[in-house]
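Inside the fold
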Amino acid sequence: MSAVPGAGGPSPAEASADGAGDVLGRLVVAVVSPTSLGTQAAHEVTPAVRALADVVRVRSLAELFRWASAGDPGGGDVPLAAGDGGVSPDSVASESRGDLLGTVALIVATDEVGSLDDVAAAVAHYPALASARLVLLTERAELRDLGRAIDEDLVREVIAVPWTPGAIGERARAQIRRWMRDHLPDDDPRRLRDGNGLGHSPLLEALTNHSDELTAQLIAACEAVLGPRPRLRLPAGVRLTHQGQIVDGVYVVVNGSVALTRHTRVGEVTLHHATTGRIIGLVSLASHGRAFVTATTTTDVELILLSVEQLDRALRENEVTEQVLAALIIRSLTKRLARSEILQVEKIELAAALDAERLQVQEALNALEQARLELLAQERFATLGELAAGIAHELNNPVAALQRAADHMSGGLTAVLGTHPDGEVIRRVAEAARTRPAASTRAERSARKQLERTVGDRELARRLVAAGLDGDADPGTVRALAADPGRLATAEAAATIGRAERNMRLATNRISGLVASLSTYVRPDGEDMVDVDLREVLEDALRLTAHRLEGVEVERDYPADPGALPPVPGHAGELVQVWTNILANSADALAAQEKEAAEAGQTPRPGRVTVRIAQVAGGVRVQVQDNGPGIDPDILPRIFEPRFTTKHGQVRFGLGLGMGLAKSVVDAHRGSIAVDSRPGRTRVTVVLPAHVAVAEQDASGPVAPEVKRKAAGRSSRKKSRKHSHERSRTRKEKP
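Residues numbered from 1 in each chain as written. Predicted model: local features only at pLDDT ≥ 70, side-chain atom pairs only at ≥ 80, totals over all residues. Heavy atoms only, no water.

A few points about the overall build of the protein
Within the protein, the regular secondary structure consists of 23 helices and 21 strands. Intrachain contacts of the protein at a sequence separation of at least 6 include 74% that bridge at least 24 residues. (Helix = DSSP H or I, 4+ residues; strand = E, 2+ residues; numbered from the N terminus. Contact = heavy atoms within 4.5 Å.)

This is the structure we're talking about:
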């Protein structure tokens with residue numbers, strides 16, 4: 001490494017001797033080449049940049065990097081460019097490193113330094129080289145190893161070897177000035193050293209001027225040839241050019257504004273004022289002489305009209321006119337191009353915004369469609385509820401009539417039998433048939449065989465069984481009855497009457513229970529919360545889902561004593577819906593399991609549903625458990641989502657609303673609901689808070705007498721309201 005001595009004028013290093021260098025810093029031009037070509041380049045560059053920078057001559061990039069790392073505390077561990085010569089770090093004396101430390105603004109390298117991409121990769125590691133520009137001296141006709149260097153804005157100029165003498169010095173000086181323009185503040189005195197110009201051509205210099213200045217220069221150049229040109233003053237609204245018409249001259253706008261409009265398929269489109277420029281009609285001259293747009297004054301304007309011949313004369317006789325006009329055209333087209341690119345960006349942004357809006361609208365439409373479907377479902381359920389309530393109301397009267405008719409018939413029959421010779425026998429037989437539990441076919445067959453052994457007649461034994469006698473009946477009584485056909489016929493008729501009465505009462509009781517449960521189920525919302533016995537609620541739910549649980553063993557595990565469980569404040573109808581949905585899901589799961597087993601040719605496992613109710617701390621816990629196939633762990637967390645369904649899978653929660661509805665009801669009652677499932681067992685647990693008084697009992701032990709009296713009062717009032725309602729309903733149902 002060596003510093004190349006300059007020629008003429010003080011160098012920056014010399015300038016630093018009077019103290020200026022300490023303030024201004026030091027710029028360096030590094031000439032990197034192992035051949036004499038580098039020496040020749042260094043000698044040309046040195047006098048050209050002497051007032052701006054020092055020139056350092058090194059033979060390889062490795063040497064340059066070692067020099068750069070001397071000023072970097074963390075430097076020195078950097079990969080070197082391939083093909084670098086092996087220069088020992090010791091080859092750079094410490095004194096030299098200290099003297100040459102500074103910022104490299106320009107690297108002049110020859111082909112021998114290796115790949116320019118490797119140079120770009122290594123330069124980034126040295127702060128002293130980070131802002132350097134690269135000028136390549138090459139003898140190659142084609143370069144392929146500088147993609148990264150170009151991408152990282154390292155390469156600024158490529159000079160063919162051999163070059164015109166003095167050309168490298170001029171290029172280096174221009175590059176140093178550009179480096180100063182880009183990295184030094186405007187008031188930095190180094191920018192004024194050795195002049196302030198870059199030595200551009202008149203056209204390039206003209207491009208740096210403002211449009212107003214260029215316009216004034218154009219008018220002056222034209223008037224220098226054509227003489228003073230009259231100024232035209234026009235008001236707003238005057239069309240200077242018409243779209244599609246031939247243009248034979250140009251307008252030079254001195255003052256005022258002109259708008260450009262173009263007729264399109266969607267109407268008149270006004271172009272941006274900033275793109276109009278000061279020369280109106282010039283673009284039309286380049287477009288086969290026809291106006292591309294319509295130019296209209298939008299303010300009072302002052303302008304000069306030049307015909308094509310006048311403009312042509314000015315261009316031919318004054319070269320300044322051509323340069324200024326070219327600068328004005330370039331500036332005008334540049335503005336229009338920039339505006340066009342801005343419009344393109346705005347168009348893309350608007351398209352993206354439109355797509356986003358469209359997506360939001362689509363999502364809103366989907367949400368509205370979802371809401372509409374839910375409203376339809378709710379409306380359908382509401383209609384079904386009203387229909388069920390009406391049917392329940394209409395069934396009340398005939399059921400009550402049947403119950404009263406059964407009572408009257410029983411009383412009347414007893415009165416009639418009192419006058420009959422065999423009335424007592426008939427009454428006892430009918431009473432026995434009415435109260436006797438229904439016997440199974442197997443028990444009847446056993447009784448018939450025992451009686452056949454007593455009377456010796458199979459048909460007679462069948463009639464005796466029909467008359468209500470069983471195998472344990474007294475043989476004497478059996479034989480006496482068998483010996484009297486008339487008395488036997490009377491006993492058979494009495495047993496038939498008793499069984500009919502029993503069946504009628506069972507049927508009417510069942511209808512009454514269903515009507516009561518249905519009334520509870522469809523009870524409208526909005527009523528005040530009352531104390532609810534969850535045992536009754538579960539029984540109502542089991543009654544309503546009995547048809548779906550047909551063939552399923554239902555096990556009840558809760559105390560029979562009504563006072564064993566604390567009441568739960570809530571809406572009974574809503575709570576019935578909770579367990580109705582849960583039981584319906586269990587029924588679906590068991591049905592699906594049975595169907596799957598049947599399709600596989602296997603014996604289905606008997607379905608079983610267990611309902612447990614127990615008191616827990618602060619509330620009551622209800623568990624509904626089935627021995628179905630279980631729920632897939634992947635979908636278990638989603639079963640409470642509205643409209644979630646697996647109807648295409650295991651048909652577990654086909655309605656899609658049941659569990660979501662159950663959770664919303666439980667949440668409204670400040671309770672909790674949870675589901676745990678595995679193959680062969682699915683359990684839904686609902687915990688509801690008990691009444692405050694009961695909760696206090698749970699927390700503090702026995703209930704105080706005052707609390708008991710209040711609870712008893714509430715229960716009494718509730719029963720009183722219920723009885724009053726029943727009495728009212730009974731009176732209303734009387735014919």
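Once you've had a look at it, read on.
Points about the sheet that holds strand E14 (residues 301-307)
Strand order in this open sheet of four strands is E7-E14-E9-E12, and the pairing throughout is antiparallel. Unpaired on one side and paired on the other, strand E7 (232-234) and strand E12 (279-280) mark the two borders of the sheet. The sheet contacts of helix H12 (residues 308-317) involve strand E9 (249-255) and E14, and relative to E14 the element is tilted by about 80°. (Pairing = 2+ DSSP bridges. Axes fitted to C-alpha atoms, helices over the stretch in contact; angles between N-to-C directions.)

Description of the nonpolar core
Judged by nonpolar contacts, the single largest core of 38 residues is most densely connected at Leu534, Trp579 and Ile582. Not counting residues within four places of it along the chain, the set of residues in contact with Leu534 comprises Val568, Leu575, Trp579, Ile613, Val620, Val622 and Leu688. Core analysis: the next-biggest nonpolar cluster, separate from the first, contains 29 residues, Ala30, Val56, Ala128 and Leu129 among them. (Core = buried A, V, L, I, M, F, W, Y, C linked by side-chain atoms within 4.5 Å. Buried < 20%, exposed > 50% of the residue type's maximum accessible area, 1.4 Å probe, protein only.)

Notes on the packing of aromatic side chains
Per the stated rule, a full pass over the model turns up one aromatic pair. Here Phe65 and Tyr126 contribute two aromatic rings whose centre-to-centre distance is 5.0 Å and whose plane-to-plane angle is 10°, an arrangement assigned as stacked. In this pair, Phe65 is assigned in helix H4 (residues 61-69) and Tyr126 in the loop between helix H6 (116-123) and strand E5 (133-138), connecting sequence segments 61 residues apart. On the accessibility criterion, Phe65 (0% relative accessible area) is buried. Between the NZ or CZ atom of Arg262 and the centre of the ring of Phe292, over which it lies, the distance is 4.1 Å. (Phe/Tyr/Trp six-rings, centres within 6.5 Å; stacked < 30°, edge-to-face > 60°. Lys NZ or Arg CZ within 6 Å of the ring centre and 35° of its normal.)

Focus: a positive patch on the surface
A cluster of basic residues, Arg442, Arg445, Lys449, Arg453 and Arg458, forms a positive patch on the protein surface. When you line up the elements, Lys449 lands in helix H15 (residues 441-455). (Patch = residues over 30% accessible without salt bridge, like charges linked within 9 Å, V, L, I, M, F, W, Y side chains within 5 Å. Areas by Shrake-Rupley, 256 points an atom, 1.4 Å probe, with all protein chains shown as cover. Salt bridge = Lys/Arg side-chain N within 4 Å of Asp/Glu carboxyl O. Lys, Arg positive; Asp, Glu negative; His and termini not counted. Charge placed at Lys NZ, Arg CZ, Asp CG, Glu CD.)

Topic: the pattern of salt bridges
When the charged atoms of two side chains with opposite charge come close together, those side chains can pair. A complete count under the given rule lists 28 salt bridges for this structure. Linked by salt bridges that have partners in common, Glu223, Arg231, Arg233 and Glu302 make up one network.

Structural notes on helix H19 (residues 534-544)
Of all 11 residues making up H19, eight are buried, and the element is well covered by its neighbours. The set of residues buried in H19 consists of Leu534, Arg535, Val537, Leu538, Asp540, Ala541, Leu542 and Leu544. One side-chain oxygen of the residue at the start of H19 lies 3.0 Å from the amide nitrogen of Arg535, identifying that residue as Asp533. (Polar contact = N/O pair within 3.5 Å; in protein donor to acceptor, adjacent residues only side chain to side chain.)

Describing the packing of helix H14 (residues 423-435) against helix H18 (residues 485-521)
Two elements in contact, H14 and H18, have axes separated by 7 Å at closest approach and are oriented at 40°. Viewed along their axes, H14 and H18 form a crossing whose handedness is right-handed. Mapping the contact onto sequence places Val425, Ile426, Val429, Ala430, Ala433 and Arg434 in H14 and Arg487, Thr490, Ala491, Ala494, Ala495, Gly498, Arg499, Glu501, Arg502 and Arg505 in H18. A per-class count over the contact of H14 with H18 returns eight nonpolar, two polar and six charged. (Left-handed = near helix turned anticlockwise from the far one by under 90°. Nonpolar A, V, L, I, M, F, W, Y, C, P; charged D, E, K, R; others polar.)

Comments concerning the environment of Gly468
In this fold, Gly468 is placed in the loop between helix H16 (458-466) and helix H17 (475-483). A relative accessible area of 15% places Gly468 in the buried class. Each residue touching Gly468, except ones within four places of it in the same chain, is listed here: Arg436 and Ala495.

Here we look at the pairing of strand E13 (residues 294-297)
Burial along E13 is two-sided: the face carrying Thr294 and Thr296 and the face carrying Ala295 and Thr297 are both buried. In this structure, strand E8 (residues 239-241) lies alongside E13, joined through two bridges in antiparallel fashion. Counterpart to Arg239 in the pairing with E13 is Thr296. Where strand E10 (residues 258-264) lies against E13, four bridges are found, and the strand directions are antiparallel.

Some remarks on the pairing of strand E3 (residues 54-58)
Counting buried positions along E3 yields five of five residues, so the element is predominantly enclosed. Strand direction decides the pairing type here: strand E2 (residues 27-32) and E3, joined by five bridges, are parallel. Along E3, the bridge assignment pairs Val31 with Arg57. Regarding topology, helix H3 (residues 36-49) serves as the crossover connection from E2 to the parallel E3, and that connection is right-handed. (Right-handed = clockwise from strand over helix to strand, strands pointing away.)

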